[in-house]
Amino acid sequence: MFLIAFGCVSSSSAQNTGPAVSLVPVATGLASPWALAFLPDGQFLVTERPGRMRVVSATGQVGPALAGVPPVAAGGQGGLLDVVTDADFARNRRIYFCFSEPAASGAGNSTAVARATLAADARSLQDVRVLFSQRPKVESALHFGCRIAQAPNGNLFVALGERYHRKDDAQKLDNHHGKVIRITPDGAVPPGNPFTGQTGALPEIWSYGHRNPQGATIGPDGKLWMHEHGPQGGDEINLPQPGRNYGWPVITYGENYGGGKMGEGTARAGMEQPLHHWTPSIAPSGMAFLTSTRYGAAWQGSLFVGSLKFGTLHRLEVAGGKVLREEKLLQGNGERIRDVRQGPDGLLYMVTDSPQGRLLRLQPD
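What comes next is a walk through the structure.

Calculation rules
- Residues numbered from 1 in each chain as written.
- Predicted model: local features only at pLDDT ≥ 70, side-chain atom pairs only at ≥ 80, totals over all residues.
- Heavy atoms only, no water.
- Helix = DSSP H or I, 4+ residues; strand = E, 2+ residues; numbered from the N terminus.
- Buried < 20%, exposed > 50% of the residue type's maximum accessible area, 1.4 Å probe, protein only.
- Contact = heavy atoms within 4.5 Å.
- Areas by Shrake-Rupley, 256 points an atom, 1.4 Å probe, with all protein chains shown as cover.
- Lys, Arg positive; Asp, Glu negative; His and termini not counted.
- Charge placed at Lys NZ, Arg CZ, Asp CG, Glu CD.
- Pairing = 2+ DSSP bridges.
- Core = buried A, V, L, I, M, F, W, Y, C linked by side-chain atoms within 4.5 Å.
- Phe/Tyr/Trp six-rings, centres within 6.5 Å; stacked < 30°, edge-to-face > 60°.
- Disulfide = S-S within 2.5 Å.
- Polar contact = N/O pair within 3.5 Å; in protein donor to acceptor, adjacent residues only side chain to side chain.

Right, let's talk about the overall build of the protein for a bit. Across its full length, the protein holds 1 helix and 24 strands. By residue count, 57% of the 365 residues in the protein fall in the buried class. A fraction of 56% describes how many contacts in the protein between residues 6 or more apart in sequence connect residues 24 or more apart. Of the roughly 14200 Å² of accessible surface on the protein, a fraction of 49% belongs to carbon and sulfur atoms. The distance from the centre of the 34 positive side-chain charges to the centre of the 30 negative ones in the protein is 1 Å.

Of all 6 residues in strand 15 (residues 224–229), 6 are buried, a share of seventy percent or more. A two-sided burial pattern is seen for strand 15, the buried positions comprising Leu-224, Met-226 and Glu-228 on one face and Trp-225, His-227 and His-229 on the other. The sheet contact formed by strand 14 (residues 212–218) and strand 15 spans 6 bridges and is antiparallel. Its bridge partner lying in strand 15, Thr-217 is registered against Trp-225.

A separate point is the nonpolar core. Counting 36 residues, the largest nonpolar core has Leu-45, Met-53, Ile-95, Phe-97, Leu-125 and Ile-148 as the members making the most contacts within it. When near neighbours in sequence (up to four residues on either side) are disregarded, Met-53 contacts Leu-45, Val-46, Thr-47, Pro-64, Ala-65, Leu-66, Val-69, Leu-80, Ile-95, Phe-97 and Leu-125. With 28 residues, the next largest nonpolar core counts Leu-36, Leu-290, Leu-329 and Val-351 among its residues.

The final tally for this structure, using the stated rule, is 9 aromatic pairs. Ring centres of Tyr-295 and Trp-299 lie 5.2 Å apart, and the angle between their planes is 35°; on these two criteria the pair is classed as tilted. Exposure remark for Tyr-295: the relative accessible area of 5% places this residue in the buried category. Ring pairs connect the aromatic residues Phe-38, Phe-44 and Tyr-349, which therefore count as one cluster.

Another aspect to go through is the state of the cysteines. Tallied over the entire structure, the rule returns 1 disulfide. Covalently, Cys-98 is tied to Cys-146 through a disulfide, its sulfur atoms 2.0 Å apart. Judged by the sign of its S-S torsion, about -135°, the bond between Cys-98 and Cys-146 is left-handed. Taken together, the residues Cys-98 in strand 7 (residues 94–102) and Cys-146 in strand 10 (residues 145–150) connect sequence positions 48 residues apart. For Cys-146, a relative accessible area of 0% corresponds to the buried category.

Before going further, it helps to examine the environment of Ser-133. Within the secondary structure, Ser-133 is located in strand 9 (residues 125–133). Counting along the chain gives 160 residues from Ser-133 to Thr-293, while the straight-line C-alpha distance between them is 39 Å. A distance of 2.7 Å separates polar atoms of two side chains, one belonging to Ser-133 and the other to Glu-101.

The next subject is the environment of Pro-136. Here Pro-136 shows up in the loop between strand 9 and strand 10. The class of Pro-136 is partly exposed, set by a relative accessible area of 33%. Pro-136 sits 38 residues away from Asp-174 along the chain, and the two C-alpha atoms are 9.3 Å apart.

So, about unusual backbone geometry. Pro-136 follows Arg-135 through a cis peptide bond whose omega is -5°. Cis peptide bonds are those with omega within 30 degrees of zero, and the linkage from Thr-279 to Pro-280 qualifies with 5°. Relative to the helices and strands, Pro-280 resides in the loop between strand 17 (276–278) and strand 18 (284–289). Positive phi, normally seen in glycine, also occurs at Asp-41, with a value near 60°. Structurally, Asp-41 can be placed in the loop between strand 3 (33–38) and strand 4 (44–48). We classify Asp-41 as exposed; its relative accessible area is 72%. The phi angle at Cys-146 is positive, at roughly 85°, despite the residue not being glycine.

This is how it looks when you write it as structure tokens:
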């Protein structure tokens, strides 16, 4: 059993009232798993960054790589990234996934989003179609970002990285670097996107000024929540609103790698402040709201975020647009937490990022 350390980000000195929990291995031997989704009958769909997607049985058996995954530019931070099942998966067996897409000819790559049907025997992807390709393609192995969240109306939010060396692109609307985009399940631009019809702006853009998003989810309020890596400090939680500018690289709570000022400071008129930030960085990855009561009433409604840097799981109590408290779980775990999701059983599941990664369940004792 892992002890739970309570850390408060407000002046409150409230005591930890959460449950005792244990990490239970569900599956092992996964090669740098990046994301997980839930299938019927207790099965899981897991992406591996080198470019493979696998079905894991309810008893933890790791299946063979699915056929039909498109070519992936695996290297650095690139590869096969997020995956989500469609809200109507039980009927249509549709999934959405994102990956680093190589250029059709020559050098360069970008983040792409594809749709596919999981075959009835769960051994291949069928009817694979790329819905969106980030523009422009550049030569970089960094900051692909890419988390997908499906809104209640079926539209897809996709959080995209600014590719590191192209950080200034995050402030420009003629590219998809450092943006959250919104598209329909068919890849079209839905009505109401904020920059539709604006000269020089790409119509898929929902919000801009982001750095390297590694978590996104639809909250109980029906709104998009996301987090993104800062440079050296300044990891942020944001609630992207249509047409809003979230500041990167002009404002940040972080600093240049190795020290030194980054941008103009922490605030500027016309640029949004984060809901919460971590300084120093925790390198957040994965994000899920707990809506169930499987861990007791104290945790219901909390936001859970994994840490790549410390291997901790962070529980945030949020209300009224503020983070009231933060609790660090699984201290001493020693594994990079890449994704966090609530399963159909109401429990939290995680994958750990290593060549011998694991699928884990957080089990109340």
